[in-house]
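The lines below spell out each chain.
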Amino acid sequence: MSADMVVAADRRRKVLDALSQMQDGLLSEDVILRAVCETGRATDRDTMRDDLMFLQHRHCVAIEKLPRVGGELWRVRLTDDGLRAAQGALIVNGVARRTTA
């Protein structure tokens, strides 16, 4: 696996971790972006949206696109599969596996 793929897989893991910490499993893309950057994985909105689409295609998240001035805001909800992946109970190709409890 290339270094870029490892970084992307780790970033996606951090997305699932952030969502799994919310009681309702729901966050805006802005909060997710900030949470991922705070873990040391600096990224930008376009890359984050690519990661979110990747996770949606693998049934880990559901994305709701809301209109706002200058574009749209994405609200992201963790699915059951996403929660299981965040907990380490489901392996998703392209998402780093949990390495610590």
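Only a predicted model underlies this, so the values are computations on that prediction, with no experimental measurement involved.

With reference to specific residues and values, describe helix 3 (residues 45–57).
Because the α-helix completes a turn every 3.6 residues, residues three or four places apart line up on one side. Taking 1.5 Å per residue as the helical rise, helix 3 with its 13 residues ought to reach 18 Å, and the 18 Å between its terminal C-alpha atoms agrees with that figure. Residues Met 48, Arg 49, Asp 51, Leu 52, Phe 54 and Leu 55 constitute the buried set of helix 3. With a side-chain oxygen positioned 3.1 Å from the backbone nitrogen of Asp 46, the residue opening helix 3 is Asp 44. At the C-terminal side of helix 3, His 59 shows a positive phi close to 65 degrees.

Go over the sheet that holds strand 2 (residues 61–68), please, and point to the residues and values.
Read across the sheet, three strands follow the order 1-3-2 without closing on themselves; strand pairing throughout is antiparallel. Edge strands, defined here as strands with exactly one partner in the open sheet, are strand 1 (26–28) and strand 2. Each adjacent strand pair in this sheet contributes to an overall mean axis angle of 25 degrees, direction not counted. Relative to strand 3 (residues 71–78), strand 1 runs antiparallel, the two sharing three bridges. For Ser 28, the partnering residue across the bridge sits in strand 3 and is Arg 75. Where helix 1 (residues 3–20) meets the sheet, it contacts strand 1, strand 2 and strand 3, and its direction lies at approximately 75 degrees from that of strand 3. Strands in contact with helix 2 (residues 29–38) are strand 1, strand 2 and strand 3; relative to strand 1, the strand with the most contacts, it is inclined by about 90 degrees.

Report on the packing of aromatic side chains, specifying residues and quantitative values.
Counting across every chain of the model gives zero aromatic pairs. Arg 12 extends its terminal NZ or CZ atom over the ring of Phe 54, reaching a point 3.6 Å from the ring centre. Taking the ring centre of Phe 54 as reference, the NZ or CZ of Arg 58 above it sits at 3.5 Å.

Rules behind the numbers
- Per-chain numbering applies: the sequence of each chain, read as written, is numbered from 1 onward.
- Local features are withheld for residues below a pLDDT of 70 in this predicted model, meaning they are given only at 70 or higher, and side-chain atom pairs are given and counted only at 80 or more; totals for whole chains, interfaces and linings count all residues.
- With hydrogens and water stripped out, all remaining heavy atoms of the structure feed into the side-chain values.
- Runs of H or I in DSSP of at least four residues are treated as helices and runs of E of at least two as strands, each being numbered from the N terminus.
- Each residue after the first adds 1.5 Å to the expected span of a helix.
- Think of it in three bands: with a 1.4 Å probe and only protein chains considered, a residue is buried below 20% of the maximum accessible area for its type, exposed above 50%, and partly exposed in between.
- For this analysis, a polar contact is any N or O atom pair within 3.5 Å, provided that within protein one partner can donate a hydrogen and the other can accept it, and provided that sequence-adjacent residues contribute only side-chain to side-chain pairs.
- Two strands are said to pair when DSSP picks up at least two bridges between them.
- To obtain an axis, a line is fitted to C-alpha atoms, over the contacting stretch when the element is a helix, and the angle between two such axes runs from 0 to 180 degrees between their N-to-C directions.
- Contacts were defined at the residue level, with two residues in contact if any of their heavy atoms lie within 4.5 Å.
- Working definition: rings of Phe, Tyr and Trp (its six-membered ring) pair if their centres are within 6.5 Å, and the pair is stacked with planes under 30 degrees apart, edge-to-face with planes over 60 apart, and tilted otherwise.
- Two conditions define a charge located above a ring, namely a distance within 6 Å from the ring centre to NZ of Lys or CZ of Arg, and an angle within 35 degrees of the ring normal.

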